[in-house]
Amino acid sequence: MTKNCNKTTKSRIAYFIFAVMMFTSFLMVSNVFAATGTEALTTAKNLLSKAAQTGGGLYAVWGLVNLGMSLKDHNGPGIQSAIWQIIGGAIIIAAGTAISSLDLTIS
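Let me begin by describing the structure that accompanies this report. (Residues numbered from 1 in each chain as written. Predicted model: local features only at pLDDT ≥ 70, side-chain atom pairs only at ≥ 80, totals over all residues. Heavy atoms only, no water.)

Observations concerning the overall build of the chain
Then, number 1: Secondary structure assignment for the chain yields 3 helices and 0 strands.
Then, number 2: When the helices and strands of the chain are listed from N to C terminus, the series reads α-α-α.
Then, number 3: For the chain, buried positions account for 21% of its 107 residues.
Then, number 4: A fraction of 64% describes how many contacts in the chain between residues 6 or more apart in sequence connect residues 24 or more apart.
Then, number 5: For the chain, the accessible surface area stands at approximately 7600 Å², while carbon and sulfur atoms represent 70% of it. (Helix = DSSP H or I, 4+ residues; strand = E, 2+ residues; numbered from the N terminus. Buried < 20%, exposed > 50% of the residue type's maximum accessible area, 1.4 Å probe, protein only. Contact = heavy atoms within 4.5 Å. Areas by Shrake-Rupley, 256 points an atom, 1.4 Å probe, with all protein chains shown as cover.)

Have a look at this one:
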């Protein structure tokens, strides 16, 4: 019983650390929106792109950590879940890259 409680506590701590890292990354890449319409849209697009790429990268890295722990424990469903998490992180990174390639110029 205490082993499961300990894993749950570790999981909550890990997710809290992940949330703090995401919040910090958003603060580091944010710019002030004192610009014209086109510049503000470009800045917002760049911010969203960087946030998606950072979030996807962190999500994929966390999937790698889960994969390592699941492989160590020989946990089949955990391995499957971790692989899907890594794939999800890659898709989020790809979406961030696609957002950065959008052209938002107003003519």
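Now that the structure is up, let's keep going.
A look at the pattern of salt bridges
If charged atoms from side chains of opposite charge come close, those side chains can pair.
Then, number 1: Summed over all chains, the structure comprises 1 salt bridge.
Then, number 2: In this structure, the salt-bridge partner of K72 is D73, at a minimum N-O distance of 3.7 Å.
Then, number 3: Accessibility expressed as a relative area gives 62% for K72, which makes it exposed.
Then, number 4: Relative accessible area serves as the criterion here: at 42%, D73 is assigned to the partly exposed category. (Salt bridge = Lys/Arg side-chain N within 4 Å of Asp/Glu carboxyl O.)

Overview of the side chain of Q85
Then, number 1: Along the chain, Q85 falls in helix α3 (residues 76–100).
Then, number 2: Judged by its relative accessible area of 9%, Q85 falls in the buried class.
Then, number 3: In this structure Q85 touches Y59, A60, W62, G63 and N66, once residues within four positions along its chain are discounted.

A few points about the environment of A82
Then, number 1: Along the chain, A82 turns up in helix α3.
Then, number 2: A82 sits 17 residues away from V65 along the chain, and the two C-alpha atoms are 8.2 Å apart.
Then, number 3: Dropping the residues within four chain positions of it, A82 is found in contact with G63, N66 and L67.

As for the environment of F23
Then, number 1: Structurally, the position occupied by F23 is in helix α1 (residues 2–29).
Then, number 2: Looking at F23, the relative accessible area reads 53%, which means it is exposed.

Here we look at the side chain of K45
Then, number 1: Looking at the secondary structure, you find K45 in helix α2 (residues 37–73).
Then, number 2: In this view, K45 contacts I99, S100, L102 and L104; residues no more than four positions away in its chain are not counted.

Brief notes about α3
Then, number 1: Over its 25 residues, α3 extends 37 Å from the first C-alpha to the last, a length consistent with the 36 Å expected when each residue adds 1.5 Å.
Then, number 2: All of the buried residues along α3 are G78, A82, Q85, G88, G89 and G96. (Expected span 1.5 Å × (residues − 1).)

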